[in-house]
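Observations on chain architecture
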Amino acid sequence: MARTTATGRTHPQQGPAQGRPPRRHRTFGDVVRALGAFVALAVLVVGVPGALLYFIGSPFPHHFDSDVLRQPITTETFVNSLAVVVWLAWAQFAACVLVEAKAAVSGVGLPQHIPASGASQLLARQLVAALLLLGVGAATITPGLGQLGVHHMAHSEARPGVAATAQQTPGVPHQAQSSAVVTPHQDGGARAGTAHGVERSQQATKFYRIQPPEGRHHDSLWDIAQRHLGDGRRYKEIYELNKDRVQPDGSRLSQASLIRPGWVMEMPGDAHGGDLVEMPVAAPHVAHDVKHYAEHGGAKDTTAEGAHADPAPAVAGHDVQAPPAETAPAPAPAHAETPEHAPATATATDQDDHGSGLSALPEALIAAPLLAAGLLAALGRRRRTALWQSVAEGVLRTPRTPAGPQADAADALRIGADPDTVAFLDRGLRALSARLDTEGRQLPTVYAAWLTADELHLQLAWPEGRPPAPWQLGQDDTFWRLARAALPEDADTAAAAPYPGLAVLGTLDGARLLLNLEAVPGIVSLSGGRADREGVLAAVAAELATNGWSDRMTVTLVGFAEDLTALAPARVRHLADVPEVIEIMAAETAQRLAALRNAGQDSVLTGRTGRAQHTQWAPHLVLVAARPTEEEAERLAELAADAGRLGIGYLVAAGTTPIPGAAWELQVSADGRLTAPLLGLDLTAQRLPAAQYAAVLRLFAEAGGGDGPEPGPDAPPFLVDLSDQGRPGIYARLLGPFELIGVEAPPAERSALLHEALALLLLHREGVHPRVLASALWPRGVTEDVRDALVERLRDWLGTDPDGTARMSFDDTGRIVLATSVVSDWDVLQTLHHEADRGGAAGDAAARRRLLTDALSLARGRLLEDRAPGRYGWLAHEIVDAQHPVLVAEIALGLSALHLDAGKPKAAVAAVETGLGVAPDDERLWLELLRAAHATGDSARVEAAAATLLARAATLNGPSRGLPPRVEALLDDLHPTWRTRLAN
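Let me sum up the structure you'll find in this document. Worth saying up front: this structure is predicted, and the values here are computed from it rather than measured.

A few words on the overall build of the protein. For the protein, the count of helices and strands is 29 helices and 23 strands. Put simply, the protein has 984 residues, and 51% of those count as buried. Contacts in the protein between residues at least 24 apart in sequence constitute 72% of all its contacts with a sequence separation of at least 6.

This is the structure in structure tokens:
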């Protein structure tokens, strides 16, 4: 099937102001600041040009000819040239003042950016804002002045009393690094109280009553905003006005996409349109709802319940405007059903508390994209290892579906993971190592790296000259900078990882700080409250164990509550206490010093490039969560004194006081700030709180077969009713090209996204969190309104069953689930295999053969074989991509054995060949093909099978590798002359 791809990058849009800030009264300080701003503006805007004209006059010559260019350069010429520069700077600043003043007075939109005027425009903005304090309250000033320096927080909700300070950061524009204070917004309950009636009169307030659905169209906040505000994106204003207010039926608006017919929405003051109502002209039952809503703050009116369940008639003096069939862009979903068509099962339309039931995902994991990417990749490896191990044991186990906190943790990893940025960091560092080696230069000592969305900055211990292309010098000669777009696709990345000890500590103004733990000349201490520092240590430990920019590494953990070995058994080891780690590290320190002397090198960095690269010089990072005694701290400091050149790093918990002798001292506060006063750092710490840490570890334990029932053949998560009564309403073929039966084809421009969303839901019968769906379809980001519009289209496209039940709904955790009437061939394949091997047909050879034959007929090819380039990237993290070929191979092997037992070797060969079409590199099928071919008694068939396998082996392993040893041994036994005959 044809696919369309979306290559454009979608950025979250900044919504309207959240709530109504309280009016601020002017103080004496405001007056002083305003007068000072007036004087400063007068001097800069009027005084500067006046002074230039008075003291210098016009800097340009009164006449111009060729003789002017031949005149000698005098002091007057220099002064005039300087005056021209000052005039240009003044003109730029004056333009900034005009732009900022216009935006501030109008209060509409953000000020226009003047090119190359970051500092000038920032100064103009601050002076204009201070001046306007004389005439207006702070709440009426343009939004840009209330959010200075926090453009990257535009999509975040303000929190009361939170102040964010910023400092100069590599790769982040100066305008984005000012200090900012986020003022508290009014509580939703306060907005819904009696104060609301004081702010605006009932006569001036407009209301809208949610209309019942017409056909496939359901009223939505996006539609309402599109019709009455002129822009569907302003639906957030309507949502904020009505959030958490009790409606006449007793329920509340808790999510913008969940509204019900009959609810009353207060509208912004500039709303327009015929179906808006005001109190004096409203129909009686509408007026009752509106009056009760406005006067009582939304408190439930039990006297009027059920009195007006019918759709609202035309309002006196106004024509009712019917909702359009579809608006562009599409509306956010409004999961509403008419009472007479309400489904029996719990769908999005009848969940009053859907918003409160939506699972609160671990935000710490979502906000840590590099950590989430490493954990997600490690989780996938662990699941695949467990799958292959079950195959080796002869009992194929269905991968366990996470539930509860583990499911939330898995969803957070899918949402937060940014594998593309991990790949950029890894490729950029390895390419740098390769280029330096080519030029005969050593790797520089790097203390830290700053990673932004577009650039990577390495902070060097001391200047190392100009970096090799495409790297460039950064803000000074101790910074090397690489633009993401400048890294070529064919960059040499064969070098060993040069800086595997980089670990994220936190973020500042959108830049992520990675500290190179192995380069620190001594101990890094971490002080703070126990829970706070353990959260930081857990995040660092989990990232070091799973990151994608390291090769071999040892991470030694001391004092951690739970064992992280499951995350990376080859990297992580736990020690009991500090004395044990001192003993082990003393021996290793001596060993590494001797190895460096013998190699004639002064640092492990010289061992990671060039001729000595084979030694690898893997780092050893020690994380101590238990605070050492003073004597133990002194001993650790002695060991760490020379650790910077040995590839050994120490991060040690220090309680509430620093450790004596620590080289760098970090402090984490209860509000999540990570500071290092001596280093000038003030970051938002990357943390993995105890509950999320435990959920991640349980997720890994379950993925490996632990923390659950005894390993055994489990049933798949969804079994299909194979009887005639279980005939599905929609049938999707995912095994091979994507095909759908039972539903109309969607519009061509929507087809790719709708098909991919449906495939994701079909492969996750346990449900998909809306944020997971969004991150899968738009990995670069998407706004909530676009996501909700897609969910609404998908729900409408799938439709309802004959009994009125929606085929797509929400469960009690807020995840999107499909009805049992929507079935895929993957569901049928798993069900047939389960029935044949562990169901009622397990003891009946004929019934097993029939079921396995039906199952194998579904194996048309690779899972979603016709997936378009750039789409379905989420499949890389799904166990189903590995489970599908393994299950098809199991079915083919089982059916082949049944055919051989029945004396039908040709049918056995056909079954194995079908399995090889899906799992071409499964050695078990290779062996079974030879046995089945030999059972036919036809040596030519055996030779043909051997030739086929040799061709496959050459494709997979290269022409010089030949067949796997076990396959060769079986051929030697079944057909001893195969080598000679094939050679001829």
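That was the structure; now back to the text.
Below, the discussion takes up the sheet that holds strand β20 (residues 739-741). Strands sit in the order β20-β19-β23 across an open sheet of 3 strands; the sheet is mixed. At either margin of the open sheet sits one strand with a lone partner, and together these are β20 and β23 (822-824). Direction aside, neighbouring strands of the sheet carry axes that sit 20° apart on average. As defined by bridge partners, strand β19 (residues 730-733) adjoins β20 across 3 bridges and the pair is classed as antiparallel. Paired with Ala 732 across the strands is Leu 740, a residue of β20. Each of β19, β20 and β23 touches helix α19 (residues 748-762); the most contacted strand, β23, lies at about 85° to it.

Counting 189 residues, the largest nonpolar core has Leu 458 and Leu 564 as its most contacted members. Ranked by the residues each element gives to this core, the list is headed by helix α24 (residues 880-901), at 11 residues. Sequence-distant contacts of Leu 564, defined by excluding residues within four places in its chain, comprise Ala 541, Ala 542, Leu 557, Val 572, His 574, Tyr 693 and Leu 697. The next biggest cluster of nonpolar side chains, apart from the first, holds 24 residues, and it includes Val 558, Met 585, Val 652 and Ile 659.

This brings us to the pattern of salt bridges. For the structure shown, the criterion picks out 36 salt bridges. Between Arg 234 and Asp 270 there is a salt bridge; the shortest N-O distance is 2.9 Å. Within this pair, whereas Arg 234 is found in the loop between α7 (221-228) and α8 (235-242), its partner Asp 270 is found in the loop between β4 (264-267) and α9 (284-295), the two being separated by 36 residues in sequence. Beyond isolated ion pairs, a larger network of salt bridges with shared partners links Asp 408, Asp 411, Arg 414, Arg 815 and Glu 878.

An ideal rise of 1.5 Å per residue puts 20 Å on 14 residues; helix α22 (residues 825-838) measures up with 19 Å between its terminal C-alpha atoms. Across the 14 residues of α22, 11 count as buried, placing the element largely inside the fold. Three or more residues of α22 are buried, namely Asp 825, Trp 826, Asp 827, Val 828, Leu 829, Gln 830, Thr 831, Leu 832, His 833, His 834 and Ala 836. Tucked inside the fold, the buried residues of α22 contact β19, α19, β23, α23 (845-857) and α24.

Attention now moves to the side chain of Arg 787. Within the secondary structure, Arg 787 sits in helix α21 (residues 784-798). Residue classification places Arg 787 among the buried positions, given a relative accessible area of 9%. Other than its neighbours up to four places away in sequence, Arg 787 contacts Pro 770, Arg 771, Ala 774, Trp 778 and Val 782.

Here we take up the packing of helix α20 (residues 770-777) against α21. The description of two helices packed together rests on the angle between their axes and the distance between the axes. Orientation of α20 relative to α21, taken along the N-to-C sense of each, is 100°, at an axis distance of 10 Å. Between α20 and α21, the angle falls in the class roughly perpendicular. Contacts between α20 and α21 involve Pro 770, Arg 771, Leu 773, Ala 774 and Leu 777 from the first element and Arg 787, Leu 790 and Val 791 from the second. When its residues are assigned to classes, the contact of α20 with α21 shows 6 nonpolar, no polar and 2 charged.

Following Ala 469, the chain continues to Pro 470 via a peptide bond in cis, the omega torsion being 5°. Tracing the chain through its elements places Pro 470 in the loop between β6 (455-460) and β7 (472-473). One non-glycine residue with positive phi stands out, namely Tyr 872, at about 60°. Topologically, Tyr 872 is positioned in the loop between α23 and α24.

Relative to β23, β19 is paired through 3 bridges, and the arrangement is parallel. Looking across to β23, one finds that Ile 730 is bridged to Val 822. Hairpin connection between β19 and β20: a loop of 5 residues separates the two successive antiparallel strands, and Gly 736 in this loop has a positive phi of roughly 115°.

Moving on, we come to a nonpolar patch on the surface. Together, Tyr 54, Phe 55, Ile 56, Phe 78, Val 79, Leu 82, Val 85 and Val 86 make up an exposed nonpolar region whose accessible area comes to about 840 Å². Mapped by element, the contributors of at least two residues to the nonpolar patch are α1 (28-55) and α2 (75-106). Here the nonpolar patch takes 5 residues from α2, the largest share from any one element. Turning to its location among the elements, Val 86 is positioned in helix α2.

It is worth spelling out the packing of helix α12 (residues 369-392) against helix α18 (residues 690-703) at this point. Where α12 meets α18, the closest approach of the two axes is 8 Å, and the angle between their N-to-C directions is 25°. Classified by the angle their axes make, α12 and α18 are roughly parallel. Where α12 abuts α18, its residues Leu 375, Ala 378, Leu 379, Arg 382, Arg 383 and Ala 386 lie against Val 696, Leu 699, Phe 700, Ala 701 and Ala 703. For the contact of α12 with α18, a count of residues per class yields 9 nonpolar, no polar and 2 charged.

The end-to-end C-alpha separation of helix α27 (residues 939-957) is 26 Å, in line with the 27 Å expected for 19 residues at 1.5 Å each. Within the sequence span of α27, burial applies to Val 942, Glu 943, Ala 945, Ala 946, Leu 949 and Ala 953. All buried residues of α27 fall inside an arc of 160° around its axis, so they share one side. Near the N-terminus of α27, the side chain that reaches the backbone nitrogen of Ala 940, with its oxygen 3.0 Å away, is that of Asp 938. Gly 958 sits one or two positions beyond α27 and adopts a positive phi of about 100°.

Okay, the side chain of Arg 397 next. As for its placement among the helices and strands, Arg 397 is situated in the loop between α12 and α13 (405-416). A distance of 3.2 Å separates a polar atom in the side chain of Arg 397 from a polar atom in the side chain of Glu 393.

Cut-off values and rules
Each chain has its residues counted from 1, running along the sequence as written. It should be noted that, the model being predicted, local features are given only for residues of pLDDT at least 70 and side-chain atom pairs only at 80 or more, the latter also being counted only at that level, while totals for whole chains, interfaces and linings use all residues. By convention in this description, side-chain values take in all heavy atoms of the structure and omit both hydrogens and water. Strands are runs of DSSP state E lasting at least two residues, helices are runs of H or I lasting at least four, and both sets are numbered from the N terminus onward. Note on exposure labels: buried denotes an accessible area under 20% of the residue type's maximum, exposed denotes more than 50%, and partly exposed covers the range between, all computed with a 1.4 Å probe on protein chains only. The contact definition used throughout considers only heavy atoms, calling two residues in contact when any of these lie within 4.5 Å. Here, strands pair whenever DSSP counts at least two bridges between them. Note on definitions: angles span 0 to 180 degrees between N-to-C directions of axes, and those axes are lines fitted to C-alpha atoms, for helices only across the stretch in contact. Remark: nonpolar core denotes a set of buried residues (Ala, Val, Leu, Ile, Met, Phe, Trp, Tyr, Cys) joined through side-chain atoms within 4.5 Å. We count a salt bridge whenever a side-chain nitrogen from Lys or Arg sits within 4 Å of a carboxyl oxygen from Asp or Glu. A helix is expected to reach a length of 1.5 Å times the quantity of its residues less one. Should an angle fall under 35 degrees it is called roughly parallel, over 145 degrees roughly antiparallel, and 65 to 115 degrees roughly perpendicular, with every other angle called oblique. Lys, Arg, Asp and Glu make up the charged group, whereas Ala, Val, Leu, Ile, Met, Phe, Trp, Tyr, Cys and Pro make up the nonpolar group; the residues left over, Gly among them, are polar. Patches here: salt-bridge-free residues with over 30% relative accessible area, like charges joined within 9 Å, nonpolar side chains (Val, Leu, Ile, Met, Phe, Trp, Tyr) joined within 5 Å. Note on areas: Shrake-Rupley with a 1.4 Å probe; residue coverage comes only from the protein chains shown. Taken from the helix axis, the directions to the C-beta atoms give the arc we talk about. Any N or O atom pair separated by 3.5 Å or less is treated as a polar contact, with the protein-specific requirement of one donor-capable and one acceptor-capable atom, and with residues adjacent in sequence counted only for side-chain atom pairs.

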